[in-house]
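Examination of the molecular architecture
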Amino acid sequence: MDLTLIVVLVILLALFFDFTNGFHDTANAMATPIATGAMRPKVAVALAAVLNLVGAFLSTEVAKTISGGIIREGEGGVQITPVLIFAGLVGAIVWNMVTWLYGLPSSSSHALFGGLIGAAIVGTGIQSVDFVVVLDKVILPAVIAPFTAGVVAWSATKLAYWITRRYDGRPDGRGGFRYGQIFSSSLVALSHGTNDAQKTMGVITLTLISAGLQPLGSGPEIWVVIACALAIAIGTYSGGWRIIRTLGRGLTEIKPAQGFAAETSTAATILASSHLGFALSTTQVASGSVIGSGLGRRGSSVRWGTAGRIGVGWLLTLPSAAIVGGGAALLADVGPIGVVIDLVVGAAVVTYIFWRARRNRVTSENAVKPLPLQGKSEVAASGKAVRITKVKPLRRDRPRKESA
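Right, let's walk through the structure included here. Bear in mind that the values here come from a model prediction, so they are computed numbers and not experimental data. (Residues numbered from 1 in each chain as written. Predicted model: local features only at pLDDT ≥ 70, side-chain atom pairs only at ≥ 80, totals over all residues. Heavy atoms only, no water.)

1. Observations concerning the overall build of the chain
Check the secondary structure of the chain and you find 14 helices and 0 strands. Going residue by residue from the N terminus, the α and β elements of the chain occur as α-α-α-α-α-α-α-α-α-α-α-α-α-α. Sequence-distant contacts, at least 24 apart, represent 87% of the contacts inside the chain between residues at least 6 apart. For the chain, the computed accessible surface area is about 17600 Å², with 66% contributed by carbon and sulfur atoms. (Helix = DSSP H or I, 4+ residues; strand = E, 2+ residues; numbered from the N terminus. Contact = heavy atoms within 4.5 Å. Areas by Shrake-Rupley, 256 points an atom, 1.4 Å probe, with all protein chains shown as cover.)

Shown next as structure tokens:
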């Protein structure tokens, strides 16, 4: 197949993956403010889309990790081809769509890494993967980041309820945190753009380097940054309502103070990782924060069955995407007909998933039932994070009426 054609095909497929990443990970920023009623669903996803777009321009460290780290290319390594990158993207997209169908907040990042690693191993051998970089920049952050975000969210939730303990038992006592959630969820959306959009930038840059169209070791071109920023923003605006349902209500009942704590913890973890070039999963960080905030509010409960199902999805993501990517690489190795078969099969799977999803549609109207904004708010009525002992007032006996 003509090199220019396959490069164009890979770029288009990478942008489609970026689109699926957007609607797959919208929940990371906006599930909790939608659940608490801080923002209306469509307003929330529109704001997330704009901030994802802006965040994509703030850093390129993660893109460099992918384009010049995980897969060895050029001098001293194995030259990965655009065809293998194409196969890896097929694996990532298929896994993203499967987990979206079941409402699982799995890692789009690990799906991408798994697809690329599987395709590279099948196509050029295991030596084409730099497992030191995979361990340092992918595996360790995947293990550490969710627990770190969970501990920070737990502490922040405890602190938030302790500071506002005078409102315990009062209607709408902590409703003001809804306004804080507008800021904190916006920060998550911005940080998501700084991390996830760059992964597609790195893939496209890797493709251009492998095709000899860009110097070895160089970063993403400005047109690549713009295209990836737009793709993830459009995907975010489409809304991943199935995953928003899982994060907004499936793990724990979220109150405004919890949501604010979880979002702030998520944003801080992602921004720090983006600065260090760690290509972590923003989904895992957000899920860890939601669980931590659920544990931090006394009276709250975490649905560990759902959490376990999500955890299994995390464990399966990288190897499953690697298997699909490797299978696609085997077909693509046949020649142009193999690439065409990959495209047809991949398109058929995506089409079937969209058709299957229509049988049980999840939209902005039924994704999450927000907390009441008026009346006896669940915010104050449900459990406290810190036990406060109140002194009961002395009971005064009423004077008895004297008989006439």
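Let's pick the thread back up.
2. What to know about the side chain of glutamine 181
For glutamine 181, the location among the structural elements is in helix α7 (residues 177–210). Among the residues examined, glutamine 181 registers a relative accessible area of 0% and is labelled buried. Here the side chain of glutamine 181 touches glutamate 263 through a polar contact of 2.8 Å, side chain to side chain. Setting aside its immediate chain neighbours within four residues, glutamine 181 contacts Thr32, Pro33, Thr36, Ala38, Ser186, Pro256, Gly259, Phe260 and Glu263. (Buried < 20%, exposed > 50% of the residue type's maximum accessible area, 1.4 Å probe, protein only. Polar contact = N/O pair within 3.5 Å; in protein donor to acceptor, adjacent residues only side chain to side chain.)

3. A look at the packing of aromatic side chains
The full count for this structure, using the stated rule, is 3 aromatic pairs. For the pair phenylalanine 16 and phenylalanine 19, a centre-to-centre distance of 6.2 Å together with 25° between the ring planes defines the contact as stacked. Taken as a pair, phenylalanine 16 and phenylalanine 19 lie in helix α1 (residues 3–36) at a separation of 3 residues, close to a single helical turn. With centroids separated by 5.5 Å and ring planes inclined at 55°, the aromatic side chains of tryptophan 100 and phenylalanine 354 adopt a geometry described as tilted. Placement of the pair is tryptophan 100 in helix α4 (residues 82–101) and phenylalanine 354 in helix α13 (residues 336–357), with a sequence separation of 254 residues. (Phe/Tyr/Trp six-rings, centres within 6.5 Å; stacked < 30°, edge-to-face > 60°.)

4. A word on a nonpolar patch on the surface
Residues Leu331, Val334, Ile337, Val340, Ile341, Val344 and Val345 make up a contiguous nonpolar surface patch of roughly 580 Å² in combined accessible area. No other element matches α13, which puts 5 residues into the nonpolar patch. Considering the arrangement of structural elements, one finds valine 345 in helix α13. (Patch = residues over 30% accessible without salt bridge, like charges linked within 9 Å, V, L, I, M, F, W, Y side chains within 5 Å. Salt bridge = Lys/Arg side-chain N within 4 Å of Asp/Glu carboxyl O.)

5. Things to note about the packing of α4 against α7
Two measures define how a pair of helices packs: the angle their axes make with one another and the distance between the axes. At their nearest, the axes of α4 and α7 sit 9 Å apart, and the two run at 160° to each other. In terms of their interaxial angle, α4 and α7 are classed as roughly antiparallel. The chirality of how α4 crosses α7 is left-handed. Taking contact as the criterion, the partners of Pro82, Ile85 and Leu89 in α4 are, on α7, Val203, Leu206, Thr207 and Ser210. A class-by-class count of the residues in the contact of α4 with α7 yields 5 nonpolar, 2 polar and no charged. (Axes fitted to C-alpha atoms, helices over the stretch in contact; angles between N-to-C directions. Parallel < 35°, antiparallel > 145°, perpendicular 65-115°, else oblique. Left-handed = near helix turned anticlockwise from the far one by under 90°. Nonpolar A, V, L, I, M, F, W, Y, C, P; charged D, E, K, R; others polar.)

6. Some words on empty space enclosed by the protein
Counted by the stated rule, this structure contains 2 cavities of 30 Å³ or more. Of the volumes computed, that of the largest cavity is approximately 60 Å³. Taken together, Ala27, Asn28, Ala31, Thr32, Leu247, Gly259, Ala262, Glu263, Thr266, Ala286 and Val290 make up the lining of the largest cavity. Every element with two or more residues in the lining of the largest cavity is listed here: α1, α10 (256–276) and α11 (282–296). Empty space within the second largest cavity amounts to approximately 30 Å³. Taken together, Asp25, Thr26, Asn28, Ala29, Ala48, Asn52, Val188, His192 and Thr236 make up the lining of the second largest cavity. Broken down by secondary-structure element, the contributors of at least two residues to the lining of the second largest cavity are α1, α2 (41–55) and α7. (1 Å grid on protein atoms, 1.4 Å probe; cavity = no way out; pocket = protein on both sides within 12 Å on 5 of 7 lines; lining within 4 Å. Points joined across faces, edges and corners; volume = space filled by probe spheres on them.)

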